[in-house]
Amino acid sequence: MRFALIVGMAVSMMMLGCKKEEAAKPTPPPEAPKKQDAVKPAEAAPAAEAKPAEAKPAEAAAAPAAAGDVLEVTIVASDAMQYDKLEISAKAGQKIKLTLKHGGTLAKNVMGHNFVLLKAGTDLAKFTAAAATSAATDYIPADKSDIIANTGLVGGGESTTIEFTAPAAGTYDYICSYPGHYAVMKGKLKVS
Ligand SMILES: [Cu+2]
């Protein structure tokens, strides 16, 4: 029994030995490059570490400047009468570059969309009733006293960009003034 075990162990050791040899055979050529590889990462690692370390302060410096200057917002409106963003946050006095994109395919005379930012306290029912009778001016009423900023009307595949300054701190409604849309196409601009 012991002999068998010893033999078995010897055999398995031989097999291991063979495996090692087999494994070792192809390795000698790679071993030489391996040494080079081992050196390269060691050299490359500090360089790779140094690069992000250098890049980080640059990014950190650029980010607040970009955020403070212009807030870029894209709202995508759909054939299903939806805005993809129902809330925008901004700082008072911040410049906002807003793009309204119509991600659908329907023409603007059937599924047109716009973005109308209204002053706080605007009577939405009254404003939208006036807008609904202003087809000739793309549903922007002649009396613009309630409007802070607005885009033109876009149809499927179209987009339009406007720039305006965020008003004083508060919460403002933005709507699509195309008849019947404001009930669902209505979001909030939150200014702090
Ligand atoms: Cu609409």
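Predicted, not measured: the structure shown is a model, and the values here were computed from it.

Rules behind the numbers
Residues numbered from 1 in each chain as written. Predicted model: local features only at pLDDT ≥ 70, side-chain atom pairs only at ≥ 80, totals over all residues. Pairing = 2+ DSSP bridges. Helix = DSSP H or I, 4+ residues; strand = E, 2+ residues; numbered from the N terminus. Axes fitted to C-alpha atoms, helices over the stretch in contact; angles between N-to-C directions. Core = buried A, V, L, I, M, F, W, Y, C linked by C-beta atoms within 7 Å. Buried ≥ 20, exposed ≤ 12 C-beta atoms within 10 Å, placed from the backbone. Contact = placed C-beta atoms within 7 Å.

A.B. asks: Would you mind going over the sheet that holds strand β6 (residues 159-165) with me for this structure?
C.D. replies: Adjacent strands of a sheet pair through backbone hydrogen bonds, lying either parallel or antiparallel. A sheet is described by the order of its strands in space; here three strands give the open sequence β1-β3-β6, paired in mixed fashion. Lying at the two open borders of the sheet, with one neighbouring strand each, are β1 (70-77) and β6. Going from strand to strand, the sheet's axes swing by 20° on average, the running direction of each strand aside. Here seven bridges tie strand β3 (residues 95-102) to β6, and the two strands are oriented antiparallel to one another. Across the sheet, residue Lys-101 finds its bridge partner in β6, namely Ser-159.

A.B. asks: Quick question: what am I supposed to make of the nonpolar core here?
C.D. replies: Soluble globular proteins tend to bury their nonpolar side chains together. Phe-115, Leu-117, Leu-118, Tyr-174, Ile-175 and Cys-176 are the most contacted members of the largest nonpolar core, which totals 25 residues. Excluding residues that lie within four positions of it along the chain, Cys-176 makes contacts with Ala-77, His-113, Asn-114, Phe-115, His-181, Tyr-182 and Met-185.

A.B. asks: Would you take a moment to explain the sheet that holds strand β5 (residues 147-150) for this structure?
C.D. replies: Overall, mixed pairing links the five strands, which are arranged β2-β8-β7-β4-β5 in an open sheet. The sheet terminates laterally at β2 (87-90) and β5, the two strands that pair on one side only. Across the sheet, the mean angle from the axis of one strand to that of its neighbour is 25°, orientation sign disregarded. Pairing of strand β4 (residues 116-118) with β5, which is carried by three bridges, proceeds in the antiparallel orientation. From the neighbouring strand, Leu-118 faces β5, where its bridge partner is Ile-147.

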